[in-house]
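What follows is the residue order along each chain.
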Amino acid sequence: MIKNDLKVLLVVPNFRWTEWDVNTLWHYIPYNLCLLASMIRDICDVKILDANIDNLTKSDLADKIKEYNPNIIGITILMDQYGKAGHISAQIAKEVNKDIITIFGGVYATINSDYIMKDKNIDIVVIGEGEYILRNLVLYFKREGNLPVNGISYRKDGLVINTGHSSFISDLDKLPLPAYDLVDLKKYIYLKDRKSVDSPPLYPYMRIFSSRGCPIGCTFCQVKDIMGKSFRKRSAENVLKEIRYLMENYGIKSIIFDDDNLIMDRQRAIDLFKGLKELKILWLAIALAAFKLDKGLFKIMKECGCIYVDIAIESASPRILKDIIKKPINLNKIKEVVSWGKEFGIFIAGNFMIGFPTETWEEIRKTIKFAEELDMDYVKIFDVIPLRHTELWDMCEEHGHFKKGFNQKNIRWNVGQLESNEYNSNDLTILRAYEWDRINFSSKEKIEKIANRMNISCDKLEDITRETRKNVVDTLIGNQ
């Protein structure tokens, strides 16, 4: 047990310590750690250390740990690819002080708890949503509570005890405002990272999560295992309260919604959007469910400050959508959705994936052709990347679709990872890059519109596309 004067250090490892891939370098704001810190700051001393944003060396991290001298270190890892960085952080913590309690949390921890516990530098893994779990763990180590009965994996008498997934938080409005004051938020909200159509329209900006869970159950997605199949929402007023706070204290001028299901509850979405209109703030939404969009909703979104939406279409093959992805997409409605968005002047981007298990070249070509015919403002084409503990992963194993030497921990997201009797991984890599280039930059008007969305010149956009093509060639050469 630990004494009552307890100190907790919440850490984002430096992902550059492992296999770094610039294609996954999206702008990571440690919202989750700020929320966790807010859950425990009344019962302990807590600090947040983001080794990634500060590009700390391993030695730097060790020095920071020595300086603060925490009793507990909580480490978060978003994805399997950077799991190694978390293990390095735990090792450093134990080398500084073997008595530090190391706790793993986040997506990587939830999906890989048994594997993680093989690392003797890890004392506890939080499985699932960790807000109340972490608070209960802190109380336990302060001798003011009991060990959580679920949601963790730990050791007892040399054996690993796995208590299963944590209970899902039913009332998200009861969670406190994230402790944004514990990080230098200006490092994140003004940072202009690599240019993308997903970039915020104005700076400073913030990323917001207004809901959790997804009832759809796409086979490639881990969300149902992480946050459950039940859609849980924050009220519109709760979300607006957070945005008002950010505007008043940090001057936020635009918002990116990262929800999996921002518009699942139509009325809540409308109430939220109308609140944004009153705040006079611009916003965009990532990966909206196309089957929940309608013309009236688009009209409201436009009137309320929406400038961009990204819709997840995935495939133009009915067989792939129904039997492989298991996603309720009506391809005829997709055409209407795109036309509605363009009618109201909202920039429309679409996500497509190629290389699903059993997918034929004919089906892949059908998807590419459909993406082109939709005449969207921007098309994203992804090679299918299977994630561990998903139905898609199991399908790939069943049909032998993993390329030779495939390793989940060393995934490169810009190259194909699967192959079949009809194509190999390099075929998918080349096709994806070529069609992305051909469809998106086929006319002067499209180039100008995309450049404007990215807030760059057409010459700069050409530099980006040229560099992308070069990276594909270099990657293929490196794979030989």
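Residues numbered from 1 in each chain as written. Predicted model: local features only at pLDDT ≥ 70, side-chain atom pairs only at ≥ 80, totals over all residues. Heavy atoms only, no water.

### Section: the sheet that holds strand E12 (residues 282–288)
And step 1. The strand order E8-E11-E12-E13-E14-E15 describes an open sheet built from six strands, whose pairing is parallel. The sheet terminates laterally at strand E8 (205–208) and strand E15 (378–383), the two strands that pair on one side only. Here the average twist between neighbouring strands, direction ignored, is 15°.
And step 2. Here strand E13 (residues 306–314) pairs with strand E14 (residues 347–354) via six bridges, running parallel. Bridge pairing in E14 links Val309 to Ile348.
And step 3. Packing of helix H16 (residues 425–440) onto the sheet brings it into contact with E14 and E15, and relative to E15 it is tilted by some 180°. (Pairing = 2+ DSSP bridges. Helix = DSSP H or I, 4+ residues; strand = E, 2+ residues; numbered from the N terminus. Axes fitted to C-alpha atoms, helices over the stretch in contact; angles between N-to-C directions. Contact = heavy atoms within 4.5 Å.)

### Observations regarding the sheet that holds strand E5 (residues 124–126)
Whenever strands of a sheet pair, they do so through backbone hydrogen bonds, lying parallel or antiparallel.
And step 1. Sheet architecture is open: seven strands sit in the order E2-E1-E3-E4-E5-E6-E7, paired in mixed fashion. The strands lining the two open edges of the sheet, one partner per strand, are strand E2 (45–50) and strand E7 (159–162). When strand polarity is set aside, the average angle formed by the axes of neighbouring strands in this sheet is 20°.
And step 2. Note that strand E4 (residues 101–105) and E5 share two bridges and pair parallel.

### A short note on the environment of Tyr115
And step 1. Tracing the backbone through its elements, the reader meets Tyr115 in helix H5 (residues 113–116).
And step 2. In this structure, the C-alpha to C-alpha distance between Tyr115 and Thr390, residues 275 residues apart in sequence, is 16 Å.

### A word on the packing of aromatic side chains
And step 1. This structure, assessed with the given rule, holds 12 aromatic pairs.
And step 2. Centre to centre, the rings of Tyr308 and Phe347 are 5.8 Å apart; their planes meet at 25°, and the pair counts as stacked. Of this pair, Tyr308 sits in strand E13 while Phe347 sits in strand E14, and the two are 39 residues apart along the sequence.
And step 3. For the ring pair Trp361 and Tyr423, a centre distance of 5.8 Å and an interplane angle of 75° mean the geometry is edge-to-face. A residue pair is termed long-range when its members are at least 10 positions apart, and Trp361 in helix H14 (residues 361–373) and Tyr423 in the loop between helix H15 (391–399) and H16 qualify at 62 residues.
And step 4. Given the relative accessible area of 21%, Trp361 is considered partly exposed.
And step 5. Aromatic ring contacts, followed pair by pair, group Phe257, Phe273 and Trp283 into a single cluster.
And step 6. Over the aromatic face of Tyr68 sits the side chain of Lys7, whose NZ or CZ is 4.9 Å from the ring centroid. (Phe/Tyr/Trp six-rings, centres within 6.5 Å; stacked < 30°, edge-to-face > 60°. Buried < 20%, exposed > 50% of the residue type's maximum accessible area, 1.4 Å probe, protein only. Lys NZ or Arg CZ within 6 Å of the ring centre and 35° of its normal.)

### Notes on the pairing of strand E1 (residues 7–12)
Within a regular strand, side chains alternate between the sheet's two faces.
And step 1. The element E1 is extensively covered by neighbouring structure, given that five of its six residues are classed as buried.
And step 2. Of the strand pairs in this sheet, E1 and E2 are connected by six bridges, and their pairing is parallel. Within the sheet, the bridge partner assigned to Val11 lies in E2 and is Leu49.
And step 3. Across four bridges, E1 lies against strand E3 (residues 72–76) in parallel orientation. Within E3, the residue paired with Leu10 across the bridge is Gly74.

### Here we look at the environment of Glu422
And step 1. Its location among the elements puts Glu422 in the loop between H15 and H16.
And step 2. Residues Glu422 and Glu359, 63 residues apart in the sequence, show an inter-C-alpha distance of 8.9 Å.
And step 3. With residues up to four places along the chain from it excluded, the contact list for Glu422 reads Thr360 and Trp361.

### Details of helix H6 (residues 131–141)
And step 1. Every buried residue belonging to H6 is among Glu131, Ile133, Leu134, Leu137, Val138, Leu139 and Phe141, and all of these are buried.
And step 2. Residue Arg143 follows H6 closely and has a positive phi angle near 65°.

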